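Examination of the molecular architecture
Residues per chain are reported as follows:
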Amino acid sequence: MDAFTAGLLQRIRATESDLSRARDEGDEFLVDVEQGELDDLRRLAAEHGVMISVTSA
C-alpha cells in the first residue's frame, strides 16, 4: 500500500470516528461538517481507485 492510500484510509477512519462522536453528542453542525468531509474523502478514494469498506457512518 502506498503512502497516499494509507493516508487516505487513515483520514477516512478518523473522520468516521469524529462523525460518530458528533452524532453521539448531538452536535448537528459538527455532524454536517464531518459528513461533508467524509463524502469528499470517499469521492477522492473512488477517483483514485482506492477500495474502502463502508461502515455505518
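Everything discussed here concerns the structure shown above.
Residues numbered from 1 in each chain as written. Predicted model: local features only at pLDDT ≥ 70, side-chain atom pairs only at ≥ 80, totals over all residues. Heavy atoms only, no water.

For Glu16, the location among the structural elements is in helix 1 (residues 3–25). Glu16 gets classed as buried once you look at its relative accessible area, which sits at 11%. Among the polar contacts listed, one links the side chain of Glu16 to the side chain of Arg42, at a separation of 3.3 Å. (Helix = DSSP H or I, 4+ residues; strand = E, 2+ residues; numbered from the N terminus. Buried < 20%, exposed > 50% of the residue type's maximum accessible area, 1.4 Å probe, protein only. Polar contact = N/O pair within 3.5 Å; in protein donor to acceptor, adjacent residues only side chain to side chain.)

Let us look at the environment of Ala22. Along the chain, Ala22 falls in helix 1. With 25 residues separating them along the chain, Ala22 and Glu47 place their C-alpha atoms 27 Å apart. If we skip the residues at most four places from it in the chain, Ala22 touches Asp27, Leu30 and Val31. (Contact = heavy atoms within 4.5 Å.)

Shape is all these values report; function is a separate question.
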